[in-house]
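Next come the chains, spelled out residue by residue.
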Amino acid sequence: MRNFIWVVLLFYGAHSYAQEQEIHNLEFEGLKRTKESFLRRLVKVKPNAAYDTILIKEDIERLKRLPGIANASSSTRKTNDGIEVLYEIEENFTIIPGLRISTDNNGEFAFRLSAFEFNLFGNNQLLGGFYERDVFDSYGIFWEHPFLFSDKLGIGFNYQDRTTQEPVFFEEGTENYRFNARNVEGALLFSFDFNNEAELGVSYVKEQYDFLGEDEAVNDLLFLEADKLIYRGQYRYVDLDIDYQYFDGVINEFTAQYIDLLNGDALGNQFLKSFVSLRNDAIYYKKIGQNGNWASRLRLATTFGNEDSPFAPFTLDNQLNIRGVGNTVDRGIAAAVLNTEYRHTLYEKGWFVLQGNAFLDTGTWRNPGEGFSDLFDSNNIRVYPGLGVRFIHKRIFNAVFRLDYGFGLGDNATNGIVFGIGQYF
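Criteria and thresholds
- Residues numbered from 1 in each chain as written.
- Predicted model: local features only at pLDDT ≥ 70, side-chain atom pairs only at ≥ 80, totals over all residues.
- Heavy atoms only, no water.
- Helix = DSSP H or I, 4+ residues; strand = E, 2+ residues; numbered from the N terminus.
- Buried < 20%, exposed > 50% of the residue type's maximum accessible area, 1.4 Å probe, protein only.
- Contact = heavy atoms within 4.5 Å.
- Areas by Shrake-Rupley, 256 points an atom, 1.4 Å probe, with all protein chains shown as cover.
- Core = buried A, V, L, I, M, F, W, Y, C linked by side-chain atoms within 4.5 Å.
- Salt bridge = Lys/Arg side-chain N within 4 Å of Asp/Glu carboxyl O.
- Patch = residues over 30% accessible without salt bridge, like charges linked within 9 Å, V, L, I, M, F, W, Y side chains within 5 Å.
- pLDDT = per-residue confidence, 0-100.
- Expected span 1.5 Å × (residues − 1).
- Polar contact = N/O pair within 3.5 Å; in protein donor to acceptor, adjacent residues only side chain to side chain.
- Phe/Tyr/Trp six-rings, centres within 6.5 Å; stacked < 30°, edge-to-face > 60°.

Caption draft 1: Fine view of the overall build of the chain. Counting its regular elements, the chain contains four helices and 21 strands. The buried share among the 425 residues of the chain stands at 47%. Contacts in the chain between residues at least 24 apart in sequence constitute 55% of all its contacts with a sequence separation of at least 6. Of the roughly 21200 Å² that the chain leaves accessible, carbon and sulfur atoms contribute 58%.

Take a look at the structure:
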């Protein structure tokens, strides 16, 4: 009889402990525009499941990565029925206008206006577009629903009609072209788990190059055109802890493209060949003390199949890789770029942050027709230290207004101001 009583007591105690370690209820607090049903589908913690602090921590980091959420935290409470979990949400304002000002390749005023909604219908859909004046007019529209089919699968579409003045670097010298590309793309978006994401996309592109100069030596290169299919695969590893303006962790993004030349005129077939493009961005963030953040990006890129084409895909440009160098200064068929900077919060109150930064941008390019050893040629290496300032709104998604000034080192180096929205990387 005594043994039976002990068995009953042990069973009851084990059942009570298990019940206390079970999630009885999951609630969200602070939601205004974001739909609760969307978040319940996205998070991994579910009612009537075992209580798991690791899953809760991952949920919080997953929520903070969403454009619609500025910050998230969790709290728990034990009840007679189990554990109640509360996710406390602080939402972002997500209808974001954008402005980018620069100097075009004619030395005149250029700008880009944009507007994007990053939390359309409360489930973090993206919808937006841009208009750009950079010698010529360009525009684009974008729609993306990363979680349309499930918490792991979504789609995206975009259409862009871009026209710019592009310098192309022939052996005889630099020639300016009016470049137009009309591009429509569809993509599948995958979110395999907390750290791993991927995209598969296909684009149809119509390209035209119109020579703008009067050089008789290039009369045979007055006009090129081609139709292309671009197959794009992208894999992204993300292990990132976000606390407003502070990032801590790593991102690695690998992109592979096959650019298939469908048809073109005689010159298009000669210069615009089918080729493979590979690029990898490795980004490292480290929180330093209470107010510091160190950020570094290593970009490696190369192509195969168009080694002799002067219409090389990788450009040396203020907005892309080296701050202060100028607009489309050079082109290459391979590149290695390191950007590193220290960001320090100078002032913070409520929603506003003033941040200063000191940076070093350095990179090298492989010229068309040259071997990989060309990356180590001192004539191709650029080194640009600089200083900048950031004006940050903590509760508006990506509301980082940046102003940087890069100082070129070496012979014939330039200096310049770079303005943009969002951190440089």
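Next comes the rest of the write-up.
Caption draft 2: Geometry of the nonpolar core. Counting 19 residues, the largest nonpolar core has Leu63, Leu66 and Tyr87 as its most contacted members. Contributing elements (two or more residues each) for this core: β1 (23-29), α2 (36-42), α3 (53-65), β2 (69-79) and β3 (82-91). Ranked by residue count, the leading element in this core is β3, at four residues. Counting 17 residues, the second-largest nonpolar core is a separate cluster that includes Val168, Ala181, Leu261 and Phe275.

Caption draft 3: Looking closely at the pattern of salt bridges. If you walk through the whole model with that rule in mind, you get 30 salt bridges. In the salt-bridge network here, residues are joined through shared partners; they are Glu185, Glu197, Glu199, Arg232, Arg236, Glu253, Arg279, Asp281 and Arg299.

Caption draft 4: Expanded view of a nonpolar patch on the surface. Side chains of Leu99, Ile101, Phe109, Leu113, Tyr131 and Tyr139 sit close together on the surface and give an oily, nonpolar patch of about 550 Å² of accessible area. Broken down by secondary-structure element, the contributors of at least two residues to the nonpolar patch are β4 (95-103) and β5 (109-120). Relative to the elements of secondary structure, Tyr131 occurs in strand β6 (residues 125-134).

Caption draft 5: Geometry of the confidence of the model for the chain. Residue-level pLDDT values for the chain average 89, and 90% of them are 70 or greater. Counted against residues more than four places away or in other chains, residues 7-19, with its pLDDT under 50, gives three contacts.

Caption draft 6: Representation of α3 within the structure. Helix length check: α3, at 13 residues, gives a terminal C-alpha distance of 19 Å against a target of 18 Å (1.5 Å per residue), a fit within 8%. Taken as a whole, α3 has its buried residues at Ile56, Asp59, Ile60, Glu61, Arg62, Leu63 and Lys64. Among the structural elements, α2, β2, β3 and β11 (223-243) are those in contact with the buried residues of α3. One side-chain oxygen at the N-terminal end of α3 lies 2.9 Å from the backbone nitrogen of Ile54; it belongs to Asp52.

Caption draft 7: Looking closely at the packing of aromatic side chains. Inspection of the entire model under this criterion finds 21 aromatic pairs. Centroid distance Phe28 to Tyr87: 5.7 Å. Interplanar angle 75 degrees. Geometry classified as edge-to-face. Linking Phe28 in strand β1 with Tyr87 in strand β3, this pair joins segments that are 59 residues apart in sequence. On the accessibility criterion, Phe28 (10% relative accessible area) is buried. Both rings, one in Tyr177 and one in Tyr209, keep their centres 6.2 Å apart while their planes meet at 80 degrees; by these two values the pair is edge-to-face. On the criterion of sequence distance, the pair formed by Tyr177 in strand β9 (residues 173-191) and Tyr209 in strand β10 (residues 196-211) is long-range, its members being 32 residues apart.

Caption draft 8: Main features of the environment of Gly98. Within the fold, Gly98 resides in strand β4. Assessed through its relative accessible area of 16%, Gly98 is described here as buried. When the C-alpha atoms of Gly98 and Gly422 are compared, they prove to be 9.6 Å apart, with 324 residues separating the residues in sequence. If we skip the residues at most four places from it in the chain, Gly98 touches Arg112, Leu113, Ser114 and Ile421.

Caption draft 9: Quick peek at the environment of Leu316. Here Leu316 lies in strand β15 (residues 314-316). On the accessibility criterion, Leu316 (0% relative accessible area) is buried. In this structure the C-alpha to C-alpha distance between Leu316 and Gly363, which are 47 residues apart in sequence, comes to 8.9 Å. With residues near it in sequence (within four places) discarded, Leu316 still touches Asn321, Ile322, Val325, Gly326, Asn327, Thr328, Val329, Asp330, Trp365 and Arg382.

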